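This is what each chain is made of:
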Amino acid sequence: MLGKRNMSGLNHVILAITFFILLLSSTTLKAGKVDTLSLYSSAMKKDMKFIVVEPSTTIPDGGFPVVYLLHGMGGTYNLWITKVPALQDAADRFNCIIVCPDGGRTTLYFNNPLDSTYRFESHFIKELIPYVDSHYPTAKDRKFRSIAGLSMGGFGSLFMASNYPELFASAGSMSGALMVDPIARSIIAKSADKTIDSSCCQINWNKLKEYNSGDTSSANTIALALECGTEDYLLAANRSAHRRLTDLKIAHDYTERPGRHNWFYWENAIDYQLLFFRKRWNRFKQDQ
């Protein structure tokens with residue numbers, strides 16, 4: 001019969017072996033494949049890098065839904081996957097392709113009328129989306145194409161969805177810099193060229209009203225999900241955008257949770273955004 005000391009030692013060995021097996025199995029679990037790519041942009045006159053996270057799951061009939069995930073000011077194309085490597089797991093859990101473009105460090109994702117060398121909007125709409133659709137097993141219907149972003153990317157998300165509603169059926173903003181259009185208009189107004197149209201840099205609130213004046217369960221609408229941390233310095237701007245959407249009777253989800261303007265908040269927030277999109281995709285899938 002083994003003594004207590006020997007039994008204790010044996011238990012430790014068993015626990016160690018069990019832990020090793022669990023650790024080994026966890027490292028072999030499937031996760032989304034990350035591709036780092038470069039695409040020459042005629043609009044930007046240079047190579048533009050981007051990340052594609054492709055699920056390891058079986059390709060569904062009709063292809064994977066796609067989320068275009070935009071970074072904030074000062075960021076680059078690889079910031080999301082660097083700060084939130086769990087995006088690989090998220091691609092599997094929500095069964096979607098996640099694309100992270102490079103929106104530049106201090107831009108707002110539109111074609112800058114004061115700088116002809118920066119035309120990200122044209123690159124994104126006319127070059128990047130067609131490239132992803134032609135090289136990856138995506139669902140080509142707008143019902144399964146979503147866009148989201150943090151801070152500057154939150155503005156970019158609503159800007160793109162509101163100006164190109166034929167391409168996106170859902171859009172999300174995390175800690176979005178959502179009221180930058182007055183600032184952008186004032187900069188353009190000071191330009192020596194008074195012919196520049198300030199509509200280039202605005203969220204198209206009227207178009208959102210046209211698409212979201214009623215029940216957003218329709219496939220023709222744009223479902224919106226906005227959220228911000230209660231200690232975020234952009235909270236007032238988000239509340240202002242929420243009031244504007246409410247006053248215009250534009251259907252949207254709006255959430256405030258404890259948090260600041262940092263990656264701890266966004267790492268948590270992205271799951272809520274992806275769940276919002278996934279529920280919408282499921283509804284459309286059922287209607288097919």
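Residues numbered from 1 in each chain as written. Predicted model: local features only at pLDDT ≥ 70, side-chain atom pairs only at ≥ 80, totals over all residues. Heavy atoms only, no water.

A few points about the packing of aromatic side chains
Consideration 1: Throughout the structure, instances matching the rule amount to 14 aromatic pairs.
Consideration 2: The interplanar angle of 55° and the centroid separation of 5.9 Å between the aromatic rings of Phe-110 and Phe-159 together place this pair among those described as tilted. Highlighted residues: Phe-110 in the loop between strand 4 (97-101) and helix 4 (120-135) and Phe-159 in helix 5 (residues 152-163), separated in sequence by 49 residues. For the pair formed by Phe-110 and Phe-159, the shared burial category is buried.
Consideration 3: Site record: aromatic cluster; members linked through ring pairs are Tyr-68, Tyr-109, Tyr-118, Phe-120, Phe-124 and Phe-168. (Phe/Tyr/Trp six-rings, centres within 6.5 Å; stacked < 30°, edge-to-face > 60°. Helix = DSSP H or I, 4+ residues; strand = E, 2+ residues; numbered from the N terminus. Buried < 20%, exposed > 50% of the residue type's maximum accessible area, 1.4 Å probe, protein only.)

Description of the pairing of strand 2 (residues 46-54)
Consideration 1: Alignment of strand 1 (residues 33-41) against strand 2, held across 9 bridges, turns out to be antiparallel. From the neighbouring strand, Leu-39 faces strand 2, where its bridge partner is Met-48.
Consideration 2: The turn joining strand 1 and strand 2, which pair antiparallel and follow one another in sequence, is formed by 4 residues; a positive phi near 60° is taken by Lys-45.
Consideration 3: When strand 2 meets strand 4, the two strands line up antiparallel, connected through 4 bridges. Considered in strand 4, the bridge of Val-53 is made with Ile-98. (Pairing = 2+ DSSP bridges.)

Quick look at the sheet that holds strand 2
Consideration 1: Taken in spatial order, the 8 strands of this open sheet run 1-2-4-3-5-6-7-8, and their pairing is mixed. Lying at the two open borders of the sheet, with one neighbouring strand each, are strand 1 and strand 8 (253-257). Taking the axes of each pair of neighbouring strands and ignoring which way they run, one obtains an average angle of 20° across the sheet.
Consideration 2: Bridge count for strand 3 (residues 66-70) against strand 5 (residues 145-150) is 5 bridges, and the pairing is parallel. From the neighbouring strand, Val-66 faces strand 5, where its bridge partner is Arg-145. (Axes fitted to C-alpha atoms, helices over the stretch in contact; angles between N-to-C directions.)

Quick notes on the nonpolar core
Consideration 1: Tyr-68, Phe-124, Ile-147, Met-160 and Phe-168 are the most contacted members of the largest nonpolar core, which totals 50 residues.
Consideration 2: Elements that contribute at least two residues to this core include exactly strand 2, strand 3, strand 4, helix 4, helix 5, helix 7 (205-211), strand 7 (223-229) and helix 8 (235-247).
Consideration 3: Formed by 33 residues, the second largest nonpolar core is a distinct cluster that contains Val-53, Tyr-265, Ala-269 and Ile-270. (Core = buried A, V, L, I, M, F, W, Y, C linked by side-chain atoms within 4.5 Å.)

What to know about the confidence of the model for the protein chain
Consideration 1: When pLDDT is averaged along the protein chain, the result is 86, and 80% of the positions lie at 70 or above.
Consideration 2: Confidence drops under pLDDT 50 across residues 15-28; counting only partners more than four residues distant or on other chains, this segment forms 0 contacts. (pLDDT = per-residue confidence, 0-100. Contact = heavy atoms within 4.5 Å.)

Things to note about the side chain of Asn-212
Consideration 1: Its place among the elements puts Asn-212 in the loop between helix 7 and strand 7.
Consideration 2: Separated by 2.2 Å, the side chain of Asn-212 and the backbone oxygen of Ile-222 make a polar contact.
Consideration 3: When sequence neighbours within four positions are dropped, the list of residues in contact with Asn-212 reads Thr-221, Ile-222, Ala-223, Leu-224, Lys-249, Ile-250 and Ala-251. (Polar contact = N/O pair within 3.5 Å; in protein donor to acceptor, adjacent residues only side chain to side chain.)

Thoughts on helix 5
Consideration 1: A rise of 1.5 Å per residue sets the reference length of helix 5, with its 12 residues, at 16 Å; its end C-alpha atoms lie 16 Å apart and thus fit the reference within 8%.
Consideration 2: Across the 12 residues that make up helix 5, a large majority, 11, are buried. (Expected span 1.5 Å × (residues − 1).)

So, the environment of Pro-165
Consideration 1: By the element assignment, Pro-165 lies in the loop between helix 5 and strand 6 (170-174).
Consideration 2: Each C-alpha atom, one on Pro-165 and one on Lys-207, is 8.0 Å from the other, the two residues being 42 residues apart in sequence.
Consideration 3: For Pro-165, the contacting residues outside a window of four places in its chain are Arg-142, Lys-207, Tyr-211 and Ile-222.

Things to note about the pattern of salt bridges
Consideration 1: Applying the stated criterion across every chain, the model contains 9 salt bridges.
Consideration 2: The residue Asp-89 makes a salt bridge to Arg-93 at a minimum N-O spacing of 2.6 Å. Pair noted here: Asp-89 and Arg-93 are both in helix 3 (residues 87-93), with a separation of 4 residues, about one helical turn.
Consideration 3: A relative accessible area of 43% places Arg-93 in the partly exposed class.
Consideration 4: We note a salt bridge from Asp-141 to Lys-143, for which the minimum N-O separation is 2.8 Å. (Salt bridge = Lys/Arg side-chain N within 4 Å of Asp/Glu carboxyl O.)

A short note on the environment of Ser-173
Consideration 1: By the secondary structure assignment, Ser-173 is in strand 6.
Consideration 2: Note on Ser-173: relative accessible area 0%, which makes it buried.
Consideration 3: Separated by 81 residues in sequence, Ser-173 and Tyr-254 place their C-alpha atoms 9.6 Å apart.
Consideration 4: If we skip the residues at most four places from it in the chain, Ser-173 touches Gly-149, Gly-154, Leu-158, Leu-178, Ala-225, Leu-226, Glu-227 and Gln-273.
Consideration 5: Only 3.4 Å separates the side chain of Ser-173 from the backbone nitrogen of Gly-176, close enough to count as a polar contact.

Observations concerning helix 4
Consideration 1: The largest bend along helix 4 reaches roughly 30° and is located at Leu-128, with the proline Pro-130 sitting one to four residues downstream.
Consideration 2: Every buried residue belonging to helix 4 is among Phe-120, Glu-121, Ser-122, His-123, Phe-124, Ile-125, Glu-127, Leu-128, Ile-129, Val-132 and Asp-133, and all of these are buried.
Consideration 3: Looking at the packing, one finds that the buried side of helix 4 touches strand 1, strand 2, strand 3, strand 4, strand 5 and helix 5. (Bend = angle between axes of the 7 residues up to and from the residue.)

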